[in-house]
Amino acid sequence: MTESPAQQPAVPGRFRRLRTASLRPSWWPLPACVLLGAACGFSYGMLATPQYAATGYAMVTAGKGTDPAAALGYAQSYGRLATSDATLSYAKGAAGEPVRRLRTHVVSETSPDSPMISVTGTSADPDRAADIANAVTEALVVSSGHVAKETGVSLIKFSHAVPPGDPVSPSVPLGTAVGASAGGLAGGLVLLVRPRAGRRDVTAQVPGPAQGGTDAPAGERELVR
């Protein structure tokens, strides 16, 4: 015999809430964070001021009677001196920047395999970036010439910095990709660290074995007996 709707046992409210919660998507933080990160990266790439970089090169050469390997060691030393206060103070006139600001727009690098020094100037103006790189390189060459007799090596200007045609940052595609990657990482961390409430509810709310009593259905009372 089919039971009427009034005779069918009602589903407890806690199980209805559990079933509703299990149907909700639990992975929504991941795409939301990816979209948010991509939007932030795109906005940064569109609104930030473009920066240009120009690079000049200088080379250390060994004089007569000097071990050629010494040029490599002096190149490392001169590379560190390129951003020192003494060099920047000499270059500030040609660069048109004070020492404190000029220090933030100059980067020097050296190679462990060759006595080459690169001096890179950065600015929102490509011509200014080239002027900064050339001024600092020239100041370094002049400073090294004052002690050339004592060191036995000389520093020569190897390559002139020219104004770049394209900015080095920000790039809209790169900014969008980096933002989306950062958002995906953040969304993944959110999924890992957030509490698993649904699983705990399943464990806590599973009913125990039915006990015999007057409220149990007739079939269940027979099984209990």
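The sections below set out a description of the structure shown in this document. Worth saying up front: this structure is predicted, and the values here are computed from it rather than measured.

**Quick notes on the sheet that holds strand E4 (residues 153-159)**
Sheets are built from strands paired through backbone hydrogen bonds, the pairs being either parallel or antiparallel.
Then, in step 1: Spatially, 4 strands are ordered E2-E3-E1-E4 in an open sheet, and the strand pairing comes out antiparallel. Strand pairing shows two members of the sheet lacking a second neighbour, strand E2 (106-110) and E4, which therefore form its edges. Ignoring strand direction, the axes of neighbouring strands in this sheet form an average angle of 25°.
Then, in step 2: With 8 bridges joining them, strand E1 (residues 52-62) and strand E3 (residues 116-123) adopt antiparallel strand pairing. Bridge pairing links Gly56 to Val119 in E3.
Then, in step 3: Most of the contacts of helix H3 (residues 69-81) go to E1, to which it runs at about 145°, and overall it touches E1, E2, E3 and E4.
Then, in step 4: In the packing of helix H6 (residues 126-145) onto the sheet, contacts are made with E1, E2, E3 and E4, and the angle to E3 comes to roughly 145°.

**Things to note about the side chain of Glu97**
Then, in step 1: Within the secondary structure, Glu97 is located in the loop between helix H4 (85-95) and helix H5 (99-103).
Then, in step 2: Judged by its relative accessible area of 11%, Glu97 falls in the buried class.
Then, in step 3: If we skip the residues at most four places from it in the chain, Glu97 touches Lys92, Leu102, Arg128 and Ile132.

**Looking at the pattern of salt bridges**
Then, in step 1: Per the stated rule, a full pass over the model turns up 3 salt bridges.
Then, in step 2: Arg103 serves as the salt-bridge partner of Asp85, at 2.1 Å between the closest nitrogen and oxygen. On the criterion of sequence distance, the pair formed by Asp85 in helix H4 and Arg103 in helix H5 is long-range, its members being 18 residues apart.
Then, in step 3: With its nearest N and O atoms 4.0 Å apart, the salt bridge here joins Glu138 to Lys157. Of this pair, Glu138 sits in helix H6 while Lys157 sits in strand E4; the two residues are 19 residues apart in sequence, bridging distant segments of the chain.

Cut-off values and rules
Numbers given for residues are sequential positions, taken from 1 along each chain in its written order. Reporting of local features is limited, given that this is a predicted model, to residues whose pLDDT is at least 70; pairs of side-chain atoms are given and counted only at 80 or more, and all residues count toward the totals for whole chains, interfaces and linings. To get the side-chain values, take all heavy atoms of the structure and skip hydrogens and water. A pair of strands counts as paired when DSSP detects no fewer than two bridges linking them. By the criteria applied, helices consist of DSSP H or I runs no shorter than four residues and strands consist of E runs no shorter than two, each listed in order from the N terminus. In this analysis, axes come from line fits to C-alpha atoms, helices being fitted only over the stretch in contact, and the angle between any two N-to-C directions falls in the range 0 to 180 degrees. By definition, residues are in contact when any of their heavy atoms lie within 4.5 Å. Exposure categories follow from relative accessible area, calculated using a 1.4 Å probe and restricted to protein chains: below 20% of the type maximum is buried, above 50% is exposed, and the middle band is partly exposed. By definition here, a salt bridge exists when the distance from a side-chain nitrogen of Lys or Arg to a carboxyl oxygen of Asp or Glu is within 4 Å.

Just distances and angles here, no functional claims.
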